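Coordinate analysis (summary)
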Amino acid sequence: MKKRTFIKLAGTAGAGLLLAPLAGCRNEESNDSPKTDSATRPFLFAQEPLGYGFDALEPAIDAMTMEIHYSKHHAGYVNKLNKAMHASGMATDGLTLESLLPTIAADQTALRNNGGGHYNHTLYWRTLKPGGSAAPEGALLKELVDTFGSVEAFQTAFSQAAAKRFGSGWAWLIRNAEGKLEVTSTPNQDNPLMTKIVEQSGQPLLGVDVWEHAYYLNYQNRRKDYIAGFMQRVNWDAVAANDRA
Ligand code: MN
């Protein structure tokens, strides 16, 4: 799969849904439902399946937190994004979430918060897996070492960015505009693809959610312990797959 397809939500002619191109997802283009005019058919972003159970990341991330986070918080962003898309009246043919984010201006609050919220959480679920994976491998491993000095030094930089994010937000490993790996952080649901908004833009490879809703039930105020648990569940193959060719 071409790497840039990572989070594209392909426009579909049949039911007008936008679904991530994952194996097992129904291909809306292959059904026989009648095509409708683009001005009248509904435009909907959708959550993709989690891919593992709510309890599958225990004890690092507890089942109740996962269920509420996916079913309430992330779902809320998707619903509000769809409402904001309708309200904006913007053309949606061929639009993907990845192509939308760089167009969003700082004062487009609903698109900014909910478009970012949908993208950020989709990436978060995809880059975690039960049991995690021990360490990055191959080209990503070499580049992390070349850039940060060691995998441990990268993890320290990433964890510190997450711990120091004041209030709600995210810490990121991105490939920046110069093509280099970089650790960054954004407030709220801002995202490194929002080039009109963020100071350090780039392609997100890994992101940790440090909103209190991501950890408070299990960790209360111990954000650093949650970050350490998160690092134990990272799916490094998925992180590498998020990288652009
Ligand atoms: Mn969240």
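See the structure above.
In what follows, the accompanying structure is described. Keep in mind it's a predicted model, so treat the numbers as computed, not measured.

1. Thoughts on the overall build of the protein chain
When its secondary structure is counted, the protein chain shows eight helices and five strands. A burial count over the protein chain gives 47% of its 245 residues as buried. Accessible area for the protein chain stands at about 11,500 Å²; split by element, carbon and sulfur atoms hold 53% of it.

2. Focus on the packing of aromatic side chains
A full pass over the atoms with the stated rule returns 13 aromatic pairs. Ring centres of Tyr 215 and Tyr 216 lie 6.3 Å apart, and the angle between their planes is 45 degrees; this geometry places the pair in the tilted category. Accessibility expressed as a relative area gives 4% for Tyr 215, which makes it buried. Overall, Tyr 216 belongs to the partly exposed group, its relative accessible area being 39%. A network of ring pairs unites the aromatic residues Phe 54, Tyr 70, Tyr 124, Trp 125, Phe 148, Phe 154, Phe 158, Trp 170, Trp 172, Phe 230 and Trp 236 as a single cluster.

3. A look at a nonpolar patch on the surface
A surface patch of nonpolar side chains, about 290 Å² in accessible area, is lined by Met 64, Ile 68 and Leu 217. Looking at Ile 68, the relative accessible area reads 34%, which means it is partly exposed.

4. Some points on the pattern of salt bridges
Inspection of every chain in the model, using the stated rule, returns six salt bridges. Arg 126 is paired through a salt bridge with Glu 48; the nearest N and O atoms lie 2.5 Å apart. In this pair, Arg 126 sits in helix H3 (residues 109-126) while Glu 48 sits in the loop between strand S2 (44-45) and helix H1 (63-88), placing the two residues 78 residues apart along the sequence. Glu 48 sits in the buried class, given a relative accessible area of 10%.

The rules we used
Residues numbered from 1 in each chain as written. Predicted model: local features only at pLDDT ≥ 70, side-chain atom pairs only at ≥ 80, totals over all residues. Heavy atoms only, no water. Helix = DSSP H or I, 4+ residues; strand = E, 2+ residues; numbered from the N terminus. Buried < 20%, exposed > 50% of the residue type's maximum accessible area, 1.4 Å probe, protein only. Areas by Shrake-Rupley, 256 points an atom, 1.4 Å probe, with all protein chains shown as cover. Phe/Tyr/Trp six-rings, centres within 6.5 Å; stacked < 30°, edge-to-face > 60°. Patch = residues over 30% accessible without salt bridge, like charges linked within 9 Å, V, L, I, M, F, W, Y side chains within 5 Å. Salt bridge = Lys/Arg side-chain N within 4 Å of Asp/Glu carboxyl O.

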